[in-house]
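Next come the chains, spelled out residue by residue.
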Amino acid sequence: MSNQIQPVRGMNDVLPAEIGAWQHVERVARAALAAYGYEEVRVPIVEHTELFKRSIGEFTDIVEKEMYTFQDIGGESLTLRPEATAGIVRCAISNGLLRGARHKLWCQGPMFRHERPQKGRYRQFYQIDVEALGFPGPDIDAELIALTARLWRELRLTRVRLMINSLGTAQARAGYREQLVQYFRSHESALDEDSRRRLGGNPLRILDSKNPQMRALIEGAPLLHDYLDPESREHFAALRAALDALGIAYEVNPRLVRGLDYYSRTVFEWVTDALGAQDAVCSGGRYDGLTAQLGGEPTPATGFAMGLERVVALVSQLPDGPPAAVPEVYIVASGERAQLRALGLAEQLRDALPGRTVLLNLGGGNFKTQFRRADRSGARVAVILGDAELDRGVAAVKPLRGDDGQTDCPLSELPARIASLL
Ligand code: ATP
Ligand code: MG
């Protein structure tokens, strides 16, 4: 077996046994996004490396050490997207979508980060990413959060909590940053290696440290809240009022900062206690400065990204998880003429029963083998066709669950009979 090719570390296959939960989450999300007027966009997985450096920020973990960056044959530096916001904003600029217009967009797909793989943390992972471009007010921030709250409700997830904070404007943050650097410098010996590195480039990221030994020091740090500009304060108060009016519970977490540089004002994160160390299931916020930073028309913007592996894991933990997909009909056919006719019969049944799964026994086998396959498929009804039945213009119909016995049914009435059994 030594010549087997292994999967790339941190990159997973999603097998048929798991796909039901994925499709359930995707279906619920799609419907919810449509209900709020979001439109799907599909953007490339590969972008110029420069896009991520300029948007996410040079001194972030992602850009410093997690990107899948390579030179293509033409010598260009390209990167597998580590997140989707930069690509969507680039798409809006490239296609002239901004120009004062407003767009509610979403996209879905794989993201790539060279992190240490563990439960809930992978190198290829999937996100649903939602972005509202051209909306300045706290109302859209609140509506976005309401959308996420609806998702959890419809997915029946209860072990999630909302945390919110305001990062203020870039100018307000600059003043705070100075205070923060001063504070951490006066405790430099207590900083871990990561934090020391961040102190120079991105001191706010120290607040996001996951090292428990840093906790006490971080608790004592000055609070961004005290440095907020009046407009950001007002924005945040209005967001909280809207969430209160909507009856959405939240916790103001003054130390919530995000791992990407481009946020301003509102940031939020949904966390869970049900997944161990990987507690963030959905995070987002406002990034009013990003479009201009990427050379586009200045446009207020806000959005979030949801980690699908983590949401799927939560859904899979529910006592009665998503319904498994089972076929409705399994056709058993024996005899040369009957097998040929069964191909057409399966087509007729698929025409007559849209949305249902009709399996036909393929590859022959005696009745016993075929019945075993029918049973294993989980199908609700078996249709049995032999040359003898064919001569009489009937097929036998046998419910595979319950005690009802097998009955003959004229082929012309078969679709109606099966429909009545499902
Ligand atoms: P974390 O704090 O867990 O590293 P993050 O702040 O890096 O998360 P974002 O960049 O905001 O996360 O991405 C949004 C969401 O994507 C996260 O809330 C999480 O659910 C998911 N996510 C992020 N990184 C990974 C990963 N490596 N594997 C699986 N899911 C991830
Ligand atoms: Mg991260």
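This one's a predicted model, so the numbers in the text were calculated from it and none came from an experiment.

1. Describing the overall build of the chain
Then, number 1: When helices and strands are tallied, the chain shows 15 helices and 16 strands.
Then, number 2: Seen along its three principal axes, the alpha-carbon backbone of the chain occupies a region of about 90 × 55 × 45 Å.
Then, number 3: Here the chain holds 422 residues, and 50% of them are scored as buried.
Then, number 4: For the chain, restricting intrachain contacts to residue pairs at least 6 apart in sequence, the fraction spanning at least 24 positions comes to 69%.
Then, number 5: Entry remark: accessible area of the chain is about 20700 Å², with carbon and sulfur atoms responsible for 51%.

2. Remarks on the sheet that holds strand β2 (residues 46–48)
Then, number 1: With respect to topology, three strands assemble into an open sheet ordered β2-β4-β3, the strand pairing being antiparallel. In the strand order of this sheet, the two ends are held by β2 and β3 (68–71), each with one partner. The sheet shows a mean angle of 35° between the axes of neighbouring strands, direction not considered.
Then, number 2: As defined by bridge partners, β3 adjoins strand β4 (residues 77–80) across four bridges and the pair is classed as antiparallel.

3. Comments concerning the nonpolar core
Then, number 1: By size, the foremost hydrophobic cluster in this structure holds 48 residues, and its most contacted members are Leu133, Leu180, Phe184, Leu207 and Tyr287.
Then, number 2: Elements represented by at least two residues in this core include exactly α2 (49–56), α3 (61–66), α4 (85–94), β5 (103–112), β6 (124–133), α6 (170–185), α8 (215–219) and β9 (264–272).
Then, number 3: Excluding residues within four positions of it along the chain, tyrosine 287 makes contact with Thr85, Val89, Glu131, Leu133, Tyr262, Tyr263, Ser264, Ala301, Thr302 and Gly303.

4. Focus: a nonpolar patch on the surface
Then, number 1: Residues Ile45, Val46 and Phe70 make up a contiguous nonpolar surface patch of roughly 210 Å² in combined accessible area.
Then, number 2: Checked against the element boundaries, phenylalanine 70 lands in strand β3.
Then, number 3: Given the relative accessible area of 35%, phenylalanine 70 is considered partly exposed.

5. Some remarks on the site of ligand 1
Then, number 1: The environment of ligand 1 is made up of 17 residues, and the closest members are Arg113, Glu115, Lys210, Arg258 and Ala280.
Then, number 2: Contact distances for ligand 1 include 2.8 Å between an oxygen atom and a side-chain N or O atom of lysine 210.
Then, number 3: In the model, an oxygen atom of ligand 1 is placed 2.9 Å from a nitrogen or oxygen of the serine 283 side chain.
Then, number 4: In isolation ligand 1 has 580 Å² of accessible area, and contact with the protein removes 93% of it.
Then, number 5: Those elements that provide at least two residues to the shell around ligand 1 are β6, β10 (280–286) and β11 (301–307).

6. Regarding the environment of valine 63
Then, number 1: Residue placement: valine 63 occurs in helix α3.
Then, number 2: Counting along the chain gives 19 residues from valine 63 to proline 82, while the straight-line C-alpha distance between them is 8.9 Å.
Then, number 3: Leaving out residues up to four positions away in the same chain, valine 63 has contacts with Phe52, Lys53, Ile56, Gly57 and Glu58.

7. Points about the domain arrangement of the chain
Then, number 1: Here the chain is partitioned into domain 1 (16–169 + 229–316) and domain 2 (329–416).
Then, number 2: A C-alpha centroid distance of 48 Å is found between domain 1 and domain 2.

8. Here we look at the packing of aromatic side chains
Then, number 1: Counted by the stated rule, this structure contains seven aromatic pairs.
Then, number 2: Measuring from ring centre to ring centre gives 5.4 Å for tyrosine 176 and tyrosine 227, while their planes differ by 50°; the resulting arrangement is tilted. Placement of the pair is tyrosine 176 in helix α6 and tyrosine 227 in the loop between α8 and α9 (230–246), with a sequence separation of 51 residues.
Then, number 3: Residue tyrosine 176 is classed as buried on the basis of its relative accessible area, which comes to 1%.

9. Details of the environment of glutamate 40
Then, number 1: Note on placement: glutamate 40 falls in strand β1 (residues 39–40).
Then, number 2: Placed 10 residues apart in sequence, glutamate 40 and arginine 30 show a C-alpha to C-alpha distance of 9.0 Å.
Then, number 3: When sequence neighbours within four positions are dropped, the list of residues in contact with glutamate 40 reads Arg30 and Trp106.
Then, number 4: Side chain to side chain, glutamate 40 and arginine 30 meet in a polar contact 3.3 Å long.
Then, number 5: At a separation of 3.0 Å, a polar atom in the side chain of glutamate 40 contacts the side chain of arginine 42.

10. Considerations on the side chain of glutamate 83
Then, number 1: As for its placement among the helices and strands, glutamate 83 is situated in the loop between β4 and α4.
Then, number 2: Buried charge without a salt bridge: glutamate 83, with arginine 113 as the nearest opposite-charge side chain at an N-O distance of 5.9 Å.
Then, number 3: Polar contacts involving the side chain of glutamate 83 include one to the main-chain amide nitrogen of alanine 86, which spans 2.9 Å.

11. Looking at the packing of helix α5 (residues 138–155) against α9
Then, number 1: Running from N to C, α5 and α9 cross one another at 40°; their axes reach a closest spacing of 9 Å. The angle between the axes of α5 and α9 places the two elements in the oblique class. For the element pair α5 and α9, the recorded crossing hand is right-handed. In this structure, α5 uses Pro138, Asp141, Ala142, Ile145 and Ala146 to contact α9, whose residues at the interface are His235, Ala238, Leu239, Ala242, Leu243 and Leu246.
Then, number 2: In the contact of α5 with α9, the residues fall into nine nonpolar, one polar and one charged.

Cut-offs applied
- Residues numbered from 1 in each chain as written.
- Chains lettered and ligands numbered in written order.
- Predicted model: local features only at pLDDT ≥ 70, side-chain atom pairs only at ≥ 80, totals over all residues.
- Heavy atoms only, no water.
- Helix = DSSP H or I, 4+ residues; strand = E, 2+ residues; numbered from the N terminus.
- Buried < 20%, exposed > 50% of the residue type's maximum accessible area, 1.4 Å probe, protein only.
- Contact = heavy atoms within 4.5 Å.
- Areas by Shrake-Rupley, 256 points an atom, 1.4 Å probe, with all protein chains shown as cover.
- Pairing = 2+ DSSP bridges.
- Axes fitted to C-alpha atoms, helices over the stretch in contact; angles between N-to-C directions.
- Core = buried A, V, L, I, M, F, W, Y, C linked by side-chain atoms within 4.5 Å.
- Patch = residues over 30% accessible without salt bridge, like charges linked within 9 Å, V, L, I, M, F, W, Y side chains within 5 Å.
- Salt bridge = Lys/Arg side-chain N within 4 Å of Asp/Glu carboxyl O.
- Near = heavy atom within 4 Å.
- Polar contact = N/O pair within 3.5 Å; in protein donor to acceptor, adjacent residues only side chain to side chain.
- Domains from an automatic or database assignment.
- Phe/Tyr/Trp six-rings, centres within 6.5 Å; stacked < 30°, edge-to-face > 60°.
- Lys, Arg positive; Asp, Glu negative; His and termini not counted.
- Parallel < 35°, antiparallel > 145°, perpendicular 65-115°, else oblique.
- Left-handed = near helix turned anticlockwise from the far one by under 90°.
- Nonpolar A, V, L, I, M, F, W, Y, C, P; charged D, E, K, R; others polar.

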